[in-house]
Amino acid sequence: MKKKLTKLTSTIIPLPLENVDTDQIIPARFLKATSKEGFGDNLFRDWRYDSAGNKNPDFVLNNPIYAGQILVAGKNFGSGSSREHAAWAIAGYGFRIVVSSFFADIFKGNALNNGILPVVVSPAFLAAIFETVEKNPKMTLTVDLEQQLITNNANGESESFEINAYKKTCLLQGLDDIDYLLSRKDKIEQYEKNSTS
């Protein structure tokens, strides 16, 4: 069971970079582990730290004025290799939602499988988020999964977003694929009983 996601209002962490690939999200040298634990520590590792392991003060995750459970990224987030570790790192850091105008399909699937909601918005809506957070780092977004609606609370603008109906159910109920199957166990057994009789 994962934590349910129904409606979230949060400050945001802006990453206005395009074409952020999975090797930038979690560098390949950290992929040896098979447990999901600890990956958040190395999220954007080569941008967060220099080669000596010192924090890069210019990178947004090291800027104390930004915080929140929503990462807002530029176009084409999660491209590159299909590593699921990228979603583990984002979840491990504490993000529940990633907003962009375009996600790589494999990353989008991995995110949904790991309890992260990827929200696709129009380029204009994305640009407005970056503009408003630059003026006010404490601005918030509200993401209502049930209504499939994202609202920029700084300007009151909202936009609807798409999500696979099955994945929406899983997020709303805090289920992964196995949990979902277990929750349908009685119906599956009844179906099998009926189909063999």
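Refer to the structure printed above.
As the structure is a computational prediction, the values presented were derived from the model and not from experiment.

Undergrad: Can you walk me through the nonpolar core in this structure?
TA: The nonpolar side chains of a soluble globular protein tend to be buried with one another. Formed by 52 residues in total, the largest nonpolar core has its most connected members in F44, F77, V99 and L117. Among all residues touching F77, those that are not within four sequence positions of it are L15, V20, I25, F44, L71, I90, V98, S100, F102, F103, A104 and F107.

Undergrad: Would you explain the pairing of strand β6 (residues 149-152) in this entry?
TA: Regular strands place their side chains on alternate faces of the sheet. Direction of pairing for strand β5 (residues 140-144) relative to β6: antiparallel, over a ladder of 4 bridges. Counterpart to D144 in the pairing with β6 is L149. In this structure, the hairpin formed by β5 and β6 is closed by a connection of 4 residues, where Q148 is found at a positive phi of approximately 55 degrees. As paired elements, β6 and strand β7 (residues 157-160) share 4 bridges and run antiparallel to each other. Residue N152 lies in a different strand from β7, and its bridge partner there is E157. From the end of β6 to the start of β7, which pair antiparallel, there are 4 residues, and G156 there has a positive phi angle of about 80 degrees.

Undergrad: In this structure, what is going on with helix α5 (residues 123-135)? I would like to understand it.
TA: The α-helix winds at 3.6 residues per turn, so residues separated by three or four positions along the chain end up facing the same way. Given a rise of 1.5 Å per residue, 13 residues ought to cover 18 Å, and the 19 Å separating the end C-alpha atoms of α5 matches this to within 8%. For α5, the full list of buried residues reads F125, L126, A128, I129, F130, T132 and V133. Contacts made by the buried residues of α5 are with β1 (7-15), β2 (70-73), β3 (97-100), β5, β6 and β7.

Parameters at a glance
Residues numbered from 1 in each chain as written. Predicted model: local features only at pLDDT ≥ 70, side-chain atom pairs only at ≥ 80, totals over all residues. Heavy atoms only, no water. Core = buried A, V, L, I, M, F, W, Y, C linked by side-chain atoms within 4.5 Å. Buried < 20%, exposed > 50% of the residue type's maximum accessible area, 1.4 Å probe, protein only. Contact = heavy atoms within 4.5 Å. Pairing = 2+ DSSP bridges. Helix = DSSP H or I, 4+ residues; strand = E, 2+ residues; numbered from the N terminus. Expected span 1.5 Å × (residues − 1).

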